[in-house]
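Working through the structure, step by step
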Amino acid sequence: MKSNASKISKVSLSNVYKVFGHNSGHALEMAHAGRSKSEIHASTGCTIGVDDASFDIMDGETFVIMGLSGSGKSTLLRLLNRLIEPTSGSIEIDGRDITNMSKRELIELRRRDMSMVFQSFALLPNRNVLNNAAFGLEVAGVGEAERTGKALAALDAVGLKAYAQSRPDELSGGMKQRVGLARALASEPTILLMDEAFSALDPLIRAEMQDELMRLQGENSRTIIFVSHDLDEAMRIGDRICIMQHGKVVQVGTPDEIVSKPANDYVRSFFRNVDVSQVFKAGDIARNSQLTIIDRQGVSVAATLEQMEHSGRDVAIVVGRDRKYHGMISQDALIEKVKAKVAEPYRNAFVEDVEPIAAGESVSNVLGRVAESRWPVPVVDDQGRYVGSISKSSLLETLYRAG
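The protein chain has the name Quaternary amine transport ATP-binding protein in an unreviewed UniProt entry, where Pseudaminobacter soli is given as its organism. For the record of the protein chain, the UniProt heading Sequence similarities (unreviewed entry) holds the text "Belongs to the ABC transporter superfamily." Quoted straight from UniProt, the Catalytic activity (unreviewed entry) entry for the protein chain says "a quaternary ammonium(out) + ATP + H2O = a quaternary ammonium(in) + ADP + phosphate + H(+)".

What links the strands of a sheet is backbone hydrogen bonding, and the strands pair in either a parallel or an antiparallel sense. Spatially, 6 strands are ordered E6-E7-E8-E3-E9-E10 in an open sheet, and the strand pairing comes out mixed. Looking at the sheet topology across the chains shown, the edges are occupied by strand E6 (114-117) and strand E10 (248-253). Between one strand and the next, the sheet's axes are offset by a mean angle of 20°, whatever the strand orientation. In this sheet, strand E7 (residues 191-195) lies alongside E6 in parallel orientation, the contact comprising 4 bridges. Each residue of the ladder has a partner; that of Val117, found in E7, is Met194.

Right, let's get into the UniProt feature "domain: ABC transporter" (unreviewed entry) in the protein chain. Here, the residues flagged by UniProt with the feature "domain: ABC transporter" (unreviewed entry) are residues 11-271. From the first C-alpha to the last, residues 11-271 spans 27 Å; its make-up is 42% helix and 24% strand.

What follows is about the domain arrangement of the protein chain. Annotation of the protein chain at the domain level lists domain 1 (56-273) and domain 2 (283-401). Summarising the inter-unit geometry, the C-alpha centres of domain 1 and domain 2 are found 43 Å apart.

Moving on: unusual backbone geometry. Where the residue is not glycine, phi is negative for most of them; where a peptide bond is considered, it is trans in most cases. Unlike most non-glycine residues, Glu188 shows phi in positive territory, near 55°. What makes Glu188 exposed here is its relative accessible area of 52%. Even without glycine at this site, His246 takes up a positive phi of about 50°. Along the polypeptide, His246 turns up in the loop between strand E9 (240-245) and E10.

Cut-offs and rules
- Residues numbered from 1 in each chain as written.
- Predicted model: local features only at pLDDT ≥ 70, side-chain atom pairs only at ≥ 80, totals over all residues.
- Heavy atoms only, no water.
- UniProt positions renumbered as here; feature names shortened; annotations may be inferred.
- Pairing = 2+ DSSP bridges.
- Helix = DSSP H or I, 4+ residues; strand = E, 2+ residues; numbered from the N terminus.
- Axes fitted to C-alpha atoms, helices over the stretch in contact; angles between N-to-C directions.
- Domains from an automatic or database assignment.
- Buried < 20%, exposed > 50% of the residue type's maximum accessible area, 1.4 Å probe, protein only.

In structure tokens:
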């Protein structure tokens, strides 16, 4: 997981439709009846922009919406702040249905909770960087001292405080986009909407901006909803990805869920050339099938050896009561230490050349360690708790199944 997204729903969509055209009522009836987008257009002249979208976006997650051109991804994003009005359905933010909000309530919501970053930098050429970053706050009626302070803090967050007095034409493309991001962050939104925000940038600068976004998310988690047509970008920054086709939400899931279990051929085609070793993390493929021994006072070595013999295991994982990983013991070493009457035989029988892998490590980074290890390699979480182990056979099976 790339962020500390909680399990609290921040944005919830239920049966959301957007119909473009004058005969939207008839078009909506046809959509409810299951008619295709092309059939509806041929019959009514209307276009279904979003077709029955229902899903939740969790508080603090980076949620990426992607699809081919015309799939409805940008339309869906603009429905979330009602820059485009939905035809039907509900859109709840923090439990409040924004489709029922008055114009004043909607403006207040946008000022308080939502900011948007577009593909175009949209900087005002006659203003310096500081005043560009403060522009949204100025429009919202925030006093000069307060908006200057917030704009400087936002520029500092994106590494541009030193350029506060510069003009936009003195900046590179990446720096201009950072100013646009600072302008969005200055209002301290809880939701950040980003529409193809990095697609106009050169590949290297785009990667830098993706890193910057993930860094900012790590420092101050907010809900980011990011539209992209770039698969690598979606896989890199997204906690979850929403795939759209012809206005429909085809699949929502984590990158590894979508790679390993694509909903249909359309989704599968997106990920056909993906290097799954870059997608899966060690924790995703670790299996809790190894024998585990709880290291506690009075534990019987004889009982442990009996368990190992009965299960046909040459090694076992030793954990504490709190599931913290202590080490891996081998049957031969344990027998040897017992015969030698060594104190604390468990700790003295640990396999020395096996170091645990962090659950968040990409599989590509652990392939060599697993391949070279005589034993299954243990995996631990951020608190050092045992998650499972990766063996050569389980690694190959996962890569084959995904691939």
